[in-house]
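# Residue-level structure breakdown
Next come the chains, spelled out residue by residue.
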Amino acid sequence: MILTITMNPSIDISYPLDQFKLDTVNRVKAVRKTAGGKGLNVTRILKQFDADVIASGLIGGFLGEEIKKDLDQNNIAHDFLPISGETRNCIAVLHEGQQTEILESGPIITKQEAEAFLEHFTKLAAQVDIISFSGSLPEGLPVDFYSQLLQACPAKPVILDCSGAALAAVLKGTVKPKLIKPNTEELAQLLGQTVSPDVEELKAALSAPMFADIEWIVVSMGSAGAFAKHLDKFYRVTIPKIDVVNPVGSGDATVAGLTAAIAAGLSDEAVLKQGNVLGMLNAQEATTGQVQLANYQRLFDQIKVKEV
C-alpha cells in the first residue's frame, strides 16, 4: 500500500473567464472545485492508476470536511488528523491565456497538533510499503518537520517532493528519502548557483555532497524532459512534444508515477518512463489530477531514456 501525506491541503477553485476585469464584478459560469494540495493530486493519479493508496495529513473545519467528502465520492481511502484551524482555499483565475492564483497560507498548526500527527503518522507508516510526502508545510510546523517524519519511519522508502527550506532541512538530516524531485530552479536554489542543461554540469550538480545517501534524484526540466541519478548511474530522459492543455499538477502526476513504479520494483528505465508519461497525460487534461490511461502506452513508447 502507498501512503500519501499532504500537510497543507486545500480546496482548489478554478474560475475560467474570457476576460478578467479589475475593480468590477466578474461572473463565472463554470466553477470547478476539487480537493487539492500536491499530495492529494498524487493520490488521485495513483487511484486512477489502480494503486492501493491511502491519503493522510492535516485537515480542519468546514473545508476539511469537504475534502473528505470529495475523497469519499471518488472512493479514495483517507485517514487525516483533525486540527482546530480551517483548511485553506486556493483560487486560480484562468483568463486570456494566463493564470492568476490567489493562495491562502492555511491554518496555523499548534505544537500539540504537530506532536499528535507524528504519532498518527507513525502508526500509519507501519502499515504501508512506501510513502509520498508532497507540498509545503503549514505555518506553525518547524522547518524540519519532514525530517521528523522520516525519522519516524527509517525503514520505509519515502518519495519527497518539496522545496526551499523544508528540502534543505531534509538534506541535512540523518534519515534520507529514497527519491527527491526538484526542478532546475529548485536545484539551483539548493546549490546556490545556476544550473544549465549541460549533461556534465548536471552530473556534477547531482554528485554534490548534500545529495549523499539519496538513492534517486529526478530533476524535472519541463518540455526538455528530465535528468536523473540512480545510485551511480545518470540518465537523460527525452519526451515527445505534446499539446498542453493544463500543466498544473503535472509534477504531482510524475511523482505518482515514480512512486508506483518504485513500489512495483520496476527497472530504472521503466521508473523514469512511467513518471514522465503520467506527468504528460495530466498536462493534456483540463482538470488537474486527471489522466487518460488509454493514451499511456503510446506516450510511454515515445519516451527515450539514455544512460549518460
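Structural notes, computed from the coordinates.

What counts and what doesn't
- Residues numbered from 1 in each chain as written.
- Predicted model: local features only at pLDDT ≥ 70, side-chain atom pairs only at ≥ 80, totals over all residues.
- Heavy atoms only, no water.
- Core = buried A, V, L, I, M, F, W, Y, C linked by side-chain atoms within 4.5 Å.
- Buried < 20%, exposed > 50% of the residue type's maximum accessible area, 1.4 Å probe, protein only.
- Helix = DSSP H or I, 4+ residues; strand = E, 2+ residues; numbered from the N terminus.
- Contact = heavy atoms within 4.5 Å.
- Pairing = 2+ DSSP bridges.
- Axes fitted to C-alpha atoms, helices over the stretch in contact; angles between N-to-C directions.
- Parallel < 35°, antiparallel > 145°, perpendicular 65-115°, else oblique.
- Left-handed = near helix turned anticlockwise from the far one by under 90°.
- Nonpolar A, V, L, I, M, F, W, Y, C, P; charged D, E, K, R; others polar.
- Phe/Tyr/Trp six-rings, centres within 6.5 Å; stacked < 30°, edge-to-face > 60°.
- Salt bridge = Lys/Arg side-chain N within 4 Å of Asp/Glu carboxyl O.

Another point: the nonpolar core. Formed by 48 residues in total, the largest nonpolar core has its most connected members in Met7, Phe117, Phe121, Ile131, Phe133, Phe145 and Tyr146. The greatest single-element share of this core, amounting to six residues, is contributed by helix α3 (residues 111–125). Leaving out residues up to four positions away in the same chain, Phe121 has contacts with Leu3, Ile5, Ile131, Phe133, Leu149, Ala152 and Cys153. Counting residues in hydrophobic clusters, the runner-up holds 37 residues, among them Ile2, Ala226, Leu258 and Val277.

With that settled, consider the sheet that holds strand β2 (residues 10–17). Taken in spatial order, the four strands line up as β3-β2-β7-β8 in an open sheet, and their pairing is mixed. Looking at which strands have only one partner, the edges of the open sheet turn out to be β3 (32–36) and β8 (98–103). On average, each strand axis in the sheet is inclined to that of its neighbour by 20 degrees, with strand direction left out of account. Here β2 pairs with strand β7 (residues 88–95) via eight bridges, running parallel. Its bridge partner lying in β7, Tyr15 is registered against Val93.

What follows deals with the packing of helix α1 (residues 38–48) against helix α8 (residues 250–263). Relative placement of two packed helices is described by the angle separating their axes and the distance separating the axes. For the pair α1 and α8, the least separation of the axes is 8 Å and the interaxial angle reads 55 degrees. Judged by the angle between their axes, α1 and α8 are oblique. Once α1 is placed against α8, the crossing between them reads as right-handed. Note on element contacts: α8 touches α1 through Asp252, Ala253, Val255, Ala256 and Ala260, opposite Lys38, Asn41, Val42, Ile45 and Leu46. Looking at the contact of α1 with α8 residue by residue, the classes come out as seven nonpolar, one polar and two charged.

Let us now look at the pairing of β2. Sheet topology places β2 next to β3; five bridges connect them, and they run antiparallel. Bridge assignment links Ile13 to a residue of β3, and that residue is Lys33.

For the structure shown, the criterion picks out seven aromatic pairs. Seen in terms of ring centroids, Tyr296 and Phe300 are 5.6 Å apart; in terms of plane orientation they differ by 25 degrees. Their pairing is stacked. Taken together, the positions of Tyr296 and Phe300, both in helix α10 (residues 296–302) and four residues apart, correspond to about one turn of that helix. Across the pair, Phe300 and Tyr296 agree in class, each one buried.

Right, let's talk about the side chain of Gln274 for a bit. The residue Gln274 is located in helix α9 (residues 268–283) in this model. Beyond its immediate chain neighbours, meaning those up to four positions away, Gln274 contacts Phe49, Gly257, Ala260, Ala261, Leu266, Tyr296 and Phe300.

All told, the structure shown has eight salt bridges when counted by the stated rule. Here Lys69 and Glu66 are joined by a salt bridge, their closest N and O atoms 3.3 Å apart. Of this pair, Lys69 and Glu66 both sit in helix α2 (residues 61–73), three residues apart, roughly one helical turn. The class of Lys69 is partly exposed, set by a relative accessible area of 44%. Residue classification places Glu66 among the partly exposed positions, given a relative accessible area of 27%.

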